[in-house]
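# Inside the fold
Spelled out from the first residue to the last, the chains are:
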Amino acid sequence: MMFDIDDIELLSIESKRNIKELNLATLDNLAEENRKLLGELIESISEEIKNLKDTRTKVKVLRKFKNKLIQVYKQNESIKPKEEFPTSKYAMHTESNVGYFKTHPDARFVEDEYHKIVKGYGNIIEFMENVYQYFRSSFNLSPSDKKILWDIVDKTKTTCSNLGIESIEQDILKKALSDPYKNIETIDDICDIDEEENGKDVVINSFPYTVEMPSFTVTGMTKYKILINNSKPRIYFIQKPLTYSKRTKPIKDKKMENNDNSSTSYRQETSTNPFSFIQHRIFRNHQPILLIEDKSLKTPLIGNLTYSNHDNSSPYFYHYTKEKIIQDLAINSQEEQIFNTPGMNDDEIKISQEKINSVKVKSYKK
């Protein structure tokens, strides 16, 4: 998985859990609350997965669901502080009888148990990021499947927030991905930088997420944050594959040309609509995109398109020719093409594919 600066906003999380005091009783309540939150999330996502129409996507999501989310729930299910403390080593051998420990002999036990509770949080993050990746590359799926994938991500984010998980501040992350070496002191504790530079594009294999942890001394409880990712996020310098936005200049429509605040409008729209945000990325995403037809637009978004005025009722259908598709792929490439078909039904998609396949091609070579 690789993410860039544009993914930050959609995957950011703000913690809603504030631990003011933590003792054996409150820890037991917190463990019970975790089981409830995770149980509700699992039940809800289980229903969402059942409604996915695309079999391949369903299998991928279900696999991550079982290997990540279910495992975290099982781990939290087994943690029952009140039952375990009387037979623990901490109940039999108190380390100190002064200060805070005199009135709270369970303090060290509580600290260790809380570590156990958050130990599996990294799996929740991995599940969320994996489903987000499926959503981000889901343009060949039905609108209902795309909505389900985003709902899964959004519900997981909400549960993470309630569990006390939060992402690093957006400004810090954006600075880190804009110029990693310049901000190395800021990000050193939360990210590593890969020393092998294979390009100028900056990506990260996972965003850093933290949780607040308790620590006890003779004076009482203090709090600090720890990184919960299963492995420390790493920043890479890569060369992203050429995408259509880099090969050809976009053709602006008159509304865009006459609107000086178009970029502001875009930011406002995407902050509330993840589908608009992902749609904007389609022409520069890491995966090859093949636009077949789009009857929702009156002018092409990009150049090098072949118009297909085959029907007076739909004069704005267009698609790439078969030669163009083949030229974009390496010889004998087995790479999967993603089909973006906004506003089209199954019959229209089939017609477009038939038109493309009808083009005779003499050679696969350039």
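Positions within a chain are numbered from 1, following the residues in the order the chain's sequence is written. Given that this is a predicted model, residues contribute local features only at a pLDDT of at least 70 and side-chain atom pairs are listed and counted only at 80 or more, while totals for whole chains, interfaces and linings are drawn from all residues. Water and hydrogen atoms play no part in the side-chain values, which are based on all heavy atoms of the structure.

## Remarks on the pairing of strand E5 (residues 220-227)
By definition, two strands form a pair when at least two bridges between them are found by DSSP. Secondary structure follows DSSP: runs of H or I at least 4 residues long count as helices, runs of E at least 2 residues long count as strands, and numbering of each begins at the N terminus. Inspection of the sheet shows strand E4 (residues 209-217) paired to E5 by 8 bridges, in the antiparallel sense. Bridge pairing links Glu212 to Lys225 in E5. Here E4 hands over to E5 after 2 residues, the two strands then running antiparallel side by side.

## Concerning the packing of aromatic side chains
Classification of ring pairs rests on two measures: the distance between centres of Phe, Tyr or Trp rings, Trp counted by its six-membered ring, which must be within 6.5 Å, and the angle between planes, read as stacked under 30 degrees, edge-to-face over 60 and tilted in between. Enumeration over the complete set of coordinates arrives at 9 aromatic pairs. Seen from their ring centres, Tyr181 and Phe237 are 5.6 Å apart, and the 5° between their planes marks the pair as stacked. Pair noted here: Tyr181 is in the loop between helix H10 (170-178) and helix H11 (184-187) and Phe237 is in strand E6 (residues 234-238), with a separation of 56 residues, a long-range link. Its relative accessible area of 41% is what places Tyr181 among the partly exposed residues. Using a 1.4 Å probe on the protein chains alone, a residue whose accessible area is under 20% of its type maximum counts as buried, one over 50% counts as exposed, and one in between counts as partly exposed.

## Thoughts on the sheet that holds E5
With antiparallel pairing, the 3 strands of this open sheet are ordered in space as E1-E4-E5. If you trace the sheet from one side to the other, it starts and ends with strand E1 (165-167) and E5, each paired once. For this sheet, the mean inter-axis angle between neighbouring strands, taken without regard to orientation, is 40°. Seen against the sheet, helix H7 (residues 107-118) touches E4 and E5 and runs at an angle of roughly 170° to E4. Two residues qualify as a contact provided that any one of their heavy atoms is within 4.5 Å of a heavy atom in the partner residue. In this analysis, axes come from line fits to C-alpha atoms, helices being fitted only over the stretch in contact, and the angle between any two N-to-C directions falls in the range 0 to 180 degrees. Running at roughly 170° to E4, helix H8 (residues 121-136) makes contact with E1 and E4 of the sheet.

## Section: the confidence of the model for the protein chain
Scored from 0 to 100, pLDDT reflects the predictor's confidence in each residue. When the pLDDT values of the protein chain are averaged, the result is 75; 66% of them are 70 or greater. Looking across the protein chain, the model is least confident in helix H12 (residues 244-247), with a mean pLDDT of 31, and most confident in E1, with 97. In this model residues 242-272 is a low-confidence stretch, pLDDT under 50, and it forms 33 contacts with partners more than four residues away in sequence or in other chains.

## Observations regarding the sheet that holds strand E2 (residues 192-197)
Pairing within the open sheet is mixed, and its 3 strands lie in the order E2-E6-E3. Of all strands in the sheet, those with a lone pairing partner are E2 and strand E3 (201-204), marking the two edges. In this sheet, neighbouring strand axes are inclined to one another by 25° on average, regardless of whether the strands run parallel or antiparallel. Sheet topology note: the E2/E6 ladder contains 3 bridges and is parallel. What sits directly across from Asp192, in E6, is Arg234.

## Some remarks on the side chain of Thr159
Within the fold, Thr159 resides in helix H9 (residues 143-163). Not counting residues up to four positions away in its chain, the partners in contact with Thr159 are Leu37 and Leu41.

## Here's the deal with the side chain of Gln133
With respect to the helices, strands and loops of the structure, Gln133 is situated in helix H8. The term polar contact refers here to a pair of N or O atoms within 3.5 Å; inside protein, the definition further demands a hydrogen-donor-capable atom paired with an acceptor-capable atom, and it admits residues adjacent in sequence only when both atoms are side-chain atoms. Separated by 3.2 Å, the side chain of Gln133 and the backbone oxygen of Met2 make a polar contact. Here Arg136 takes part through its side chain, which lies 3.0 Å from a polar atom of the side chain of Gln133. Aside from chain neighbours lying at most four places away, what touches Gln133 is Met1, Met2 and Phe3.

## Some points on the packing of helix H2 (residues 24-50) against H7
Taken N-terminus to C-terminus, the directions of H2 and H7 make an angle of 10°; their axes are 10 Å apart at the nearest point. The angle between the axes of H2 and H7 places the two elements in the roughly parallel class. Contact residues: Leu24, Leu27, Leu30, Ala31 and Asn34 in H2; Phe109, Val110, Glu113, Tyr114 and Ile117 in H7. Basically, the charged four are Asp, Glu, Lys and Arg, the nonpolar ten are Ala, Val, Leu, Ile, Met, Phe, Trp, Tyr, Cys and Pro, and anything else, Gly included, counts as polar. A breakdown of the residues in the contact of H2 with H7 according to their chemical character gives 8 nonpolar, 1 polar and 1 charged. When describing relative orientation, an angle under 35 degrees is termed roughly parallel and one over 145 degrees roughly antiparallel, while 65 to 115 degrees is termed roughly perpendicular and anything else oblique.

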